[in-house]
Amino acid sequence: MKWPGNAKCVVLLTFDLDAELMWYNNYPHTPGYISRGQYGVTVGVPRILPLLKKYDIPATFFVPGANAEKYPGVVKSFHAEGHEVGHHGYLHEYVSKLEKDKEREMFQRGMDAIEKTIGKRPQGFRSPAGDFSENTLDFFEEFEFLYDSSLMGDDFNPYPLTNFNPHSRIVEIPFAWELDDAPYFQFLFSPYRSGLSSPTHVFEIWSSEFEGAYEQGGVFTLTMHPQIIGRVHRMQLLERLIRFIKDHPNVWFTTASNVASLCREEWDKKAG
Ligand SMILES: [Zn+2]
């Protein structure tokens, strides 16, 4: 894939604004969990936006529709500062567990809430929990989405979602648990005690992955959550990683929809 401006590699910084809904599916609706979600909005986002501005980086925020309704000012500020806002369900529901009609209803609600908040329809989807149902692809087609970023069929190369529908033109921008802040940092009592990794340990993994993407001329997609990456020591990690990436010549930081548009153009040209 040829990138604009002689870029050798593309970097997508993506943030999922799950807020309280992070805990909606599997955890009690108690003040402890609710406050962890709120931290993302009240502490995490006000740290992330200035960092992106400092390095002039456009990012992609995936937002559940209910959070666009609950925090319209925050979601409007993403759009106003030049970031993309993508679809992340309505209530952060696990779509693979829903009946088709219910999934369609939630998909539509999520989309409408974002459109109402920023005046623009989302073009891309990231599924809560990195999975979707056999019907989800139909909704992408029906609502004219450009891309998805939930599946893990490649590391740095976007690919067409034709293995589910041979005629699909949806661009899959691969997601990876290895490039997600949650498995490393998010402390959970159950189902497994984990998280609280050292930023040095995660820097080692993320910077090696970036070097792989750079060598291959691919797309390095990092997935973060304001309530996780927003802690001070992790923001320091993110800044260190941004500087490390910027030390490499010809890296293009952009939004997921920009990458998807270019991929689709290229594939359409090839298809004649
Ligand atoms: Zn999420």
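About the cut-offs
- Residues numbered from 1 in each chain as written.
- Predicted model: local features only at pLDDT ≥ 70, side-chain atom pairs only at ≥ 80, totals over all residues.
- Helix = DSSP H or I, 4+ residues; strand = E, 2+ residues; numbered from the N terminus.
- Rg over C-alpha atoms; globule rule 2.2 N^0.38 Å.
- Buried ≥ 20, exposed ≤ 12 C-beta atoms within 10 Å, placed from the backbone.
- Pairing = 2+ DSSP bridges.
- Contact = placed C-beta atoms within 7 Å.
- Expected span 1.5 Å × (residues − 1).
- Arc of directions from axis to C-beta.

(A) Inspection of the overall build of the chain at higher detail. Regarding its fold elements, the chain presents 10 helices and nine strands. Taking 272 residues into account, the globule formula puts the C-alpha radius of gyration at 19 Å, and the chain, at 18 Å, falls close to it. Principal-axis analysis of the C-alpha atoms gives the chain an extent of 55 × 45 × 35 Å.

(B) Geometry of the pairing of strand 8 (residues 219-224). With six of six residues buried, strand 8 lies mostly within the body of the structure. Residues of strand 8 alternate between two faces, with Val 219, Thr 221 and Thr 223 on one and Phe 220, Leu 222 and Met 224 on the opposite face, all of them buried. With six bridges connecting them, strand 1 (residues 9-16) and strand 8 associate as parallel partners. Its bridge partner being in strand 8, Val 10 is matched across the sheet by Val 219.

(C) Here's a closer look at the environment of Glu 81. Inspection of the secondary structure assignment puts Glu 81 in the loop between helix 3 (72-80) and strand 3 (84-87). As a C-alpha pair, Glu 81 and Thr 60 span 21 residues in sequence and 11 Å in three-dimensional space. With sequence-adjacent residues up to four places away left out, Glu 81 is seen in contact with Leu 49 and Lys 53.

(D) Seen up close, helix 9 (residues 232-246). Here helix 9 spans 21 Å end to end across 15 residues, near enough to the 21 Å set by a 1.5 Å rise per residue. For helix 9, the full list of buried residues reads Arg 234, Leu 237, Leu 238, Leu 241 and Ile 245. Projected down its long axis, helix 9 carries its buried residues within an arc of 95 degrees, all on one side. For helix 9, the exposed residues lying more than 90 degrees away from the buried face are Val 232, His 233, Gln 236 and Arg 243. Where the residues of helix 9 are buried, they touch strand 1, helix 1 (31-54), helix 6 (181-185), helix 7 (199-216), helix 8 (226-229) and strand 9 (251-253).

(E) Inspection of the pairing of strand 1 at higher detail. By the criterion of burial, strand 1 is predominantly enclosed, with eight of the eight residues buried. What you see with strand 1 is no split at all: Cys 9, Val 11, Leu 13 and Phe 15 on one side and Val 10, Leu 12, Thr 14 and Asp 16 on the other are buried throughout. For strand 1 and strand 9, the ladder comprises three bridges, and the chain directions are parallel. Its bridge partner lying in strand 9, Val 11 is registered against Phe 253. In terms of strand pairing, strand 1 meets strand 2 (residues 60-63) through three bridges, oriented parallel. Following the sheet pairing, Phe 15 is matched in strand 2 by Phe 61.

(F) Broad picture of unusual backbone geometry. With a phi close to 45 degrees, Ala 19 is a non-glycine residue in the positive phi region. Considering the arrangement of structural elements, one finds Ala 19 in the loop between strand 1 and helix 1. Given 29 C-beta atoms within 10 Å, Ala 19 falls into the buried group. Positive phi values are uncommon outside glycine, yet Leu 196 reaches one of about 60 degrees. Here Leu 196 shows up in the loop between helix 6 and helix 7.

Just distances and angles here, no functional claims.
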